[in-house]
Amino acid sequence: MRYIPNSPEERAEMLRGLGLDSAENLFDSIPADLLLRRPLQTPAAISEMELLAGFEEMAARNVAARRPSFLGAGAYSHYSPTVVDHLIQRSEFFTAYTPYQPEISQGTLQAIFEFQTLVCQLTGMDVANASMYDGSTGLAEAVLMAERVTRRKKVVTSSAVHPEYLEVVDTYVQHYGIDFHRVETDEQTGLISAEGLNSLDDQTAALVVQSPNFFGCVEDLNKLAERAHAVGALLIVAVTEAISFGFLRSPGACGADIVVAEGQSFGIPLSFGGPLVGLFATRDRFARQMPGRLVGEAYDREGRRGFVLTLATREQHIRREKATSNICTNEGLIALAATIYMETMGKSGLQEVAAQCAQKAAYAARRVSELEGFSLPFAAPRFNEFVARAPVAAKDLLARLASEKNITGGLALSRYYKDRPNDFLVCVTETNPRAEIDALVEGLRDLTARQSNR
Amino acid sequence: MTQSTNITKAAPHITQNEALIFERSQTGRQGYRLPPLDVDETPLDEIVPAALRRDDDLEGVPEVSEVDVVRHFTRISTWNYSIDLGMYPLGSCTMKYNSRLNEKAARIPGFSNLHPLAPEEDAQGALRLIYELEQALSEITGLAGVSLQPAAGAHGEMTGIMIIRAFIDARDGEGASANRRVMLIPDSAHGTNPASAHLSGFTVKTIRSTADGFTDLGHLRELCASGDVAGLMLTNPNTLGLFEKNIKEICRIVHDAGGLVYMDGANMNALVGVARPGDMGVDVIHLNLHKTFSTPHGGGGPGCGPCCCTKELEPFLPVPRVARDGDNYSLDFDRPQSIGRVKAFFGNFGMMVRALAYIQTHGPDGLREATEAAVLNARYVAAGLVSDYDKPFDAQPMHEVVFTDKRQSRKGVHTLDIAKRLIDYGFHPMTIYFPLIVQGAMLIEPTESVGRQELDQFVSAMRAIAREAVEDPDTVLNAPHSTRIGRLDEAAAARKPVLRWKPKQAATAA
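Residues numbered from 1 in each chain as written. Chains lettered and ligands numbered in written order. Predicted model: local features only at pLDDT ≥ 70, side-chain atom pairs only at ≥ 80, totals over all residues.

*Asks:* Can you walk me through the nonpolar core in this structure?
*Replies:* Where a protein is soluble and globular, its nonpolar side chains tend to be buried together. Ranked by internal contacts, the top residues of the largest apolar core, which has 321 residues, are Val143, Leu207 and Ile236 of chain A together with Ile163 and Met352 of chain B. Per-element accounting of this core gives the leading share, 21 residues, to helix H10 (residues 332–369) of chain A. (Core = buried A, V, L, I, M, F, W, Y, C linked by C-beta atoms within 7 Å. Buried ≥ 20, exposed ≤ 12 C-beta atoms within 10 Å, placed from the backbone. Helix = DSSP H or I, 4+ residues; strand = E, 2+ residues; numbered from the N terminus.)

Next up, the structure:
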C-alpha cells in the first residue's frame, strides 16, 4: 500500500522488536470471538488510473452537471477565480488540523479572523463565528440560541424560508419543547403575510425570515425587526444567496439580531450540495451565547500580535452538556475558500457580481413574463431568483426542456409545494450569458406553443 | 566538521511577515475581472427600491490585486504545521496522509458542478457513489443501515442519539419513553458526546472508568438498574487507546436494561478490517470520514460523519435515503419513522467522493494493512517512551497511547510545556489534557502514515525533552523558541475579546 511508508520488512522488524510474532498479535487485546476472520467484502484495490477512469464514468452519468442551468434554491453557480481553489490546495492549509496549537497554526487562525471580519462587514453585524456546517444547520443553531437568550419557547417563522432549512430546524428543535409557528406567504407579494405577524407575542423568542426568501422576494427587514423587537423577540435572518450582500441592505443595518447565511456562493463548487459553509453572525451582547468556534486577537510576551481560539468556555470540550452547541469540526477549508473569494473580488467585485446577477435576473424575468401563458405571480422586489408560473405543469415542462433543449430551466416548486404545480423557481447569475437566457426563453416558448397546438 | 547524517527533524528558517488583508488594502486595487454585462440594463430602482439596497459601499471590505491575494495566503500558509510536513500525532484525531488522487477525484467536473436539486435521472452517478460508499461502510462496520447526511462527527453523534430516542419512543410509546431519558457516558468521553445527548433531550449520567482504564461494569450495572436508561455512548477503542475487552458484556447489560448502545467511531482507525462494531453488539455508530477515511481536515473541516445502524434502527435514519433498483438510483423521501433531515441536501458529498476513493485505493487487504500499520506505529512509540514518561495504564494500546507528565511535573514541567517544546523539535504536539480523567494526559496517535525513521526522531525528541525537564527546565518552560510568536496570552484574549478587525479610528472611538 503506497500510502504506508514502512515496508513489510520494516514492519516485520518493528514487530520483532516489540516481541510479537506477527501483525495479528497487535490485536490480542480484542476478544477472539470478535475478530473478523475474513477479508472485508469491499471493492478490490485498484490503481490510480483505474480509479480515475471509474470515477469519470460515474461523473459522466451526472448529465445535469454539463447543462446550462438556472437552478438556485439554496445552491448557486457562480464563477470562482482560479486562485481560490489553487490556494486552498496548499498542504499547509488543507492538511492541517483545527488550530489548537496557535504557535504553529497562525496561518489558519489569521485566515479565520479575516473570515469573521468579512462576515461581519457583509452582514452588518458585530461578531461572527468561524463557520457552521451550512446555512440550514446554522439556522437551527440560531433558533436554539434565541431560546437561550430570551428563555422563551415560541418561534415564529416565515414559510418562505427554504423548505429544507425548515425541515432541519424541525429536527434540531424536536426535543426542546419549542412551539414552531409558520406564517403564510402573501400570494400577491410573495412576502411574509402581514396578518401572520400578529402571532408574534410576548412568549416569542424569535421571528425567522429568509431574505431574499425562497421565492426570491426581498423582505422588508426594517419593518420585521420593528415587529419582532416590539414584543421582545429576536429577528433571525437567513440568507441562502450570499452574493445578495453586495446589493441589498445588510440585515445588520435593518436591525437583525442573528444572521445566518449559506456561504457557498463565495467561490465554492456546487458538489451536489456539500461541503457548503454556514455563516453565523450576531450582536456583541450575544457573543457568549454563540455556537461554534471563535478566533480572537492575542499577544505574546514580546508584544507580538497573533490569533487564538477564544471564548472556548462556550464549547463542548469544556462545557460538555452545557455547551452552546455540540459542533466541533466545522467547515474550515470551505470558510478559507470563501475568504479568498471575498478578498479577491474585494469591495468592487462583490458589488459588481451582485449587480450583474440582479440585472440578468431582471432581464430574464421580463422576458419570461412576456411569454404567452406565463406570469410572475409575486410582485415584491427580487434579487436573482424569481418564481414563474407556466401554463402547464412545471415539472414536465422542465423535464422536456432538459431532454429536448438541453437546459436545466429551474426548480419545479411542486418538489416542496404540492399546491404550486405550475410554478418554477428560476435563478440567474453572472455565469449565465445572455444567449443562455434567450435560449431558456425560446425553449419555454417552443415547448408551450407546441403543447397548446395539440 | 564532518557532515552529520543524523538529521533531526527541523531547523529554523526565515518566514515572511504579513499583515491582515485589511491593513494591506489600497483604494482602487482589483483582483478580478468579469465579462461586461450583456443584457439591457434595468434602472436599479425598478429592480429593488433604494431603501432596500445597500448604501455603505461595502465599507471595510479590502481592495487588493490578485498578486496581493496569492502572496497573502501563501505567506500566512507557511506559518502552519501540516500533515505534509510530517508526523501529526494528535490522539483521537487520526491525522493520516490525505491523498492528492482523492482531491483530483472530487474535482471531476461531473461531481463538482452538479447541483443538488438536479433531477434524479440526471444525477445517477452521484447517487450511485453515495450508494456504493454506504455499502462499503456497512460492510466495514457490520451495520446494515447507513446515512451519509451528517456533516461531521458531532453531527453524526446527534443523529445517532436522536435515532435511539425515536426508536425508544416508538417501542415504548410516548408516555412510557418519557421515563427513559438518561444517556450514560463514560468519564473519558469526548465533550461532543454529552453535548449531543443534551441536544437530543437526554440527561447525562457519567460512568466511572476503572483504575486500569476500562468501563466500570459494576457502576454500569448500578446505573442501568434504575430503569431510566435510554442508552450508552461508548468510544471503542476508548479514548485511552484501549479496546474495551468487555464490550459484549457491556452491550448485554445495556440491552437487558432496555437501552441501546451508541459507539463513537472516532477511533475506528484501530479496527477497520480487524473487528466490526456490529459484531460487538453495538446498535448505532458514527464514523469520521475526515479521520479514518483520510478526507482532509482542512484546518477545522469540512468533515463527514456517517451514521451506521442496525436493521432495526434503519427506519429512523435521516431522510432522504438513496435507493437502488437494478442500475437505477433514486431518492426515497417516504420514510415516516425518520428522525427528519439533519442537513440541507445530502451531506458533504465532496468528502464522500474522497472516502470512496480511499476505500477503492486500499482494497480489503490495504484497509486491514493500514489498521495494522497504525496500531504497530502506536505500539512502537509506546515502547520507545515508556522508560522516560509515565504510562498510566498497563494494557497494550491500540492505535493511540496515553502518557502523562507525572515524572516531569516534579520539576515543574507540565504537559503543556512538553507539547510546546516538541514544536521546537519539528513536531506538532500530541493531544494534551484529554481524556480529562488522566491528569496531565498526552495522547499520541501516530497513524500509519509515519515511517520508522520519523517515529525514531519523535521518540528521540520526547526523550530529549524528558532530559531537559531535569537538566534545563527553563528551556522547556519557555518553549517554543523557534516559532514566529511565543505563547499567546489566551486569558487576556478571552477577557476582552477582539473578534474582528476594525479601522483604526473606529477602533478607538468604540
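Now that the structure has been shown, we can carry on.
*Asks:* Even after reading the chapter, I still don't get the environment of leucine 37 of chain B, so can you show me in this structure?
*Replies:* Within the fold, leucine 37 of chain B resides in the loop between helix H1 (21–24) and helix H2 (44–47). Given 15 C-beta atoms within a 10 Å radius, leucine 37 of chain B is considered partly exposed. The residues touching leucine 37 of chain B, leaving out its near neighbours within four places in the chain, are Gln356 and Gln359 of chain A. (Contact = placed C-beta atoms within 7 Å.)

*Asks:* Looking at this model, I keep getting lost on the sheet that holds strand E11 (residues 411–412) of chain A. Mind explaining?
*Replies:* Hydrogen bonding along the main chain pairs the strands of a sheet, whether they run parallel or antiparallel. Residues and elements named next belong to chain A. Reading across the sheet, the three strands line up as E10-E12-E11 and stay open at both edges, with antiparallel pairing between neighbours. Whereas interior strands pair on both sides, the edge strands pair on one side only; in this sheet they are strand E10 (385–389) and E11. Summarising the sheet, E11 and strand E12 (residues 423–427) pair through two bridges and their orientation is antiparallel. Note on E12: the bridge partner recorded for leucine 411 is leucine 425. (Pairing = 2+ DSSP bridges.)

*Asks:* Sorry if this is basic, but what is going on with the confidence of the model for chain B here?
*Replies:* A low pLDDT means the predicted coordinates there should not be read in detail. Chain-level pLDDT for chain B is 96 on average; 97% of the residues reach the 70-or-more range. Across the whole predicted complex the pTM is 0.97, and at the interface the ipTM reaches 0.97. (pLDDT = per-residue confidence, 0-100.)

*Asks:* Whenever I open this one, unusual backbone geometry confuses me. Can you help?
*Replies:* Both trends apply: most residues other than glycine have a negative phi, and most peptide bonds are in trans. Of note, the amide linkage connecting glycine 274 of chain A to proline 275 of chain A takes the cis form, showing an omega dihedral of 0°. Tracing the backbone through its elements, the reader meets proline 275 of chain A in the loop between strand E6 (258–262) and strand E7 (278–282). The amide bond that connects alanine 479 of chain B to the next residue, proline 480 of chain B, takes the cis arrangement and shows omega of 0°. Positive phi values are uncommon outside glycine, yet leucine 58 of chain B reaches one of about 50°. Position of leucine 58 of chain B relative to the elements: it lies in the loop between H2 and helix H3 (66–77). In the Ramachandran plot, phenylalanine 345 of chain B falls in the positive-phi region, its phi being about 65° despite a non-glycine side chain. Counting through the fold element by element, phenylalanine 345 of chain B comes out in the loop between strand E9 (328–332) and helix H12 (349–385).

*Asks:* Would you mind going over the pairing of strand E9 (residues 305–309) of chain A with me for this structure?
*Replies:* Side-chain direction in a regular strand flips from residue to residue, so the side chains alternate between the two faces of the sheet. All names here are of chain A. Counting buried positions along E9 gives four out of five residues, so the element sits mostly inside the fold. The pairing of strand E8 (residues 295–299) with E9 spans five bridges and is antiparallel. In the sheet register, glycine 296 faces E9, and the bridge partner there is valine 308.

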